[in-house]
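Listed here are the chains, written in short residue letters.
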Amino acid sequence: MGGTSVRFILSDIQEHEIRDEYGYDIFEPTVGLEIGGKNIFEEFGERGAKSVIIMPSIEDALPDCMRMAGLQEHAQLEYLFSFLGTGWGIRLGEERDELEVVLEVDDSMGPAGVLENGSYPVGRVTVREWIDAVVNLAENVLDLFWRLNPRLYAITKGEWFQLHQLQSWLTDKG
């Protein structure tokens, strides 16, 4: 799918976290977000949100993506992609088929680095680009588990029905 101007960047990957029997809950990479080829965190002196509890973050994002795609009822005008375990989040304000992307900082939720609490607009993306980026993030993380912890991958694979629905939606949207 790829090829959009929006993508998540994983770094600081600790393979032992993925291989652990509790890897699903303890895998905590650094996660950056690139829009138009530029990592939005770099403007603020960071590479990304550090020590993100990534699997639950993705699980929380998938229902919002389903609503954005019109695959679930209760569409909203605003969504929040939280980098769980950190003070970082991405607020997405929907206007037709576009999203206003705002970096949110709330250090009461966890460490957030150098920024003061507040909201920092970072750009606009299409709904399709955002969903594609979340789907690619999920696929990349699942691929790490498939390669490094196949037993845990097999246990959790069935829980990703929403991911499969979004993959189909993206394919249909061409």
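Since the model is a prediction, treat every value here as computed from it, not as a measurement.

Asks: Explain helix 4 (residues 127-148) to me, please; I cannot follow it from the model alone.
Replies: Side chains of residues three or four places apart in an α-helix project in the same direction, reflecting 3.6 residues per turn. Its 22 residues place the ends of helix 4 32 Å apart at the C-alpha level, agreeing with the 32 Å of an ideal helix rising 1.5 Å per residue. Of all 22 residues that make up helix 4, 16 are buried, and the element is covered over most of its length.

Asks: Looking at this model, I keep getting lost on empty space enclosed by the protein. Mind explaining?
Replies: Once rolled over the atoms, a probe with the size of a water molecule shows which space is left empty. Tallying each qualifying case throughout the model produces one cavity of 30 Å³ or more. Surrounding the largest cavity, Ala61, Asp64, Cys65, Met68, Tyr79, Leu80, Phe81, Leu92 and Trp130 form its lining. Of all the secondary structure elements, the ones that give two or more residues to the lining of the largest cavity are helix 3 (54-68) and strand 4 (78-82). By residue number, the principal contributor to the lining of the largest cavity is helix 3, which donates four residues. Here the lining of the largest cavity is built from residues that sort into eight nonpolar, no polar and one charged.

Asks: Can you walk me through the sheet that holds strand 1 (residues 6-11) in this structure?
Replies: Strands belonging to one sheet form pairs held by backbone hydrogen bonds; the direction of such a pair is parallel or antiparallel. Across the sheet, three strands lie side by side as 1-2-3; this open sheet has antiparallel pairing. One side of each edge strand has no neighbouring strand; the edge strands of this open sheet are strand 1 and strand 3 (38-39). With two bridges connecting them, strand 2 (residues 30-35) and strand 3 associate as antiparallel partners. Looking at the pairing, Ile35 lines up with Lys38 of strand 3. On top of the sheet, helix 4 reaches strand 1 and strand 2; it is set at about 25 degrees to strand 1, its chief contact.

Asks: I keep staring at the pairing of strand 5 (residues 88-95) and nothing clicks. Help me out?
Replies: The buried fraction of strand 5 amounts to six of the eight residues, a majority that puts the element mostly inside the structure. Two successive antiparallel strands, strand 4 and strand 5, enclose a turn made up of five residues, where Gly85 displays a positive phi of approximately 90 degrees. Relative to strand 6 (residues 98-105), strand 5 runs antiparallel, the two sharing eight bridges. When the sheet's bridge partners are listed, Gly93 is paired in strand 6 with Glu100. What sits between strand 5 and strand 6 in their antiparallel hairpin is a turn of two residues, with Arg96 showing a positive phi close to 60 degrees.

Asks: Help me understand the pattern of salt bridges in this model?
Replies: Side chains that carry opposite charge are capable of pairing whenever their charged atoms lie near each other. The tally for this structure, following the rule as stated, stands at 12 salt bridges. Between Arg91 and Glu104 there is a salt bridge; the shortest N-O distance is 2.7 Å. Pair noted here: Arg91 is in strand 5 and Glu104 is in strand 6, with a separation of 13 residues, a long-range link. The residue Glu95 makes a salt bridge to Arg124 at a minimum N-O spacing of 3.1 Å. Remark: Arg124 occurs in strand 7 (residues 118-126) and Glu95 occurs in strand 5; sequence separation between them is 29 residues. Through salt bridges with shared partners, a single network forms among Glu95, Glu98, Glu100 and Arg124.

The rules we used
Residues numbered from 1 in each chain as written. Predicted model: local features only at pLDDT ≥ 70, side-chain atom pairs only at ≥ 80, totals over all residues. Heavy atoms only, no water. Helix = DSSP H or I, 4+ residues; strand = E, 2+ residues; numbered from the N terminus. Expected span 1.5 Å × (residues − 1). Buried < 20%, exposed > 50% of the residue type's maximum accessible area, 1.4 Å probe, protein only. 1 Å grid on protein atoms, 1.4 Å probe; cavity = no way out; pocket = protein on both sides within 12 Å on 5 of 7 lines; lining within 4 Å. Points joined across faces, edges and corners; volume = space filled by probe spheres on them. Nonpolar A, V, L, I, M, F, W, Y, C, P; charged D, E, K, R; others polar. Pairing = 2+ DSSP bridges. Contact = heavy atoms within 4.5 Å. Axes fitted to C-alpha atoms, helices over the stretch in contact; angles between N-to-C directions. Salt bridge = Lys/Arg side-chain N within 4 Å of Asp/Glu carboxyl O.

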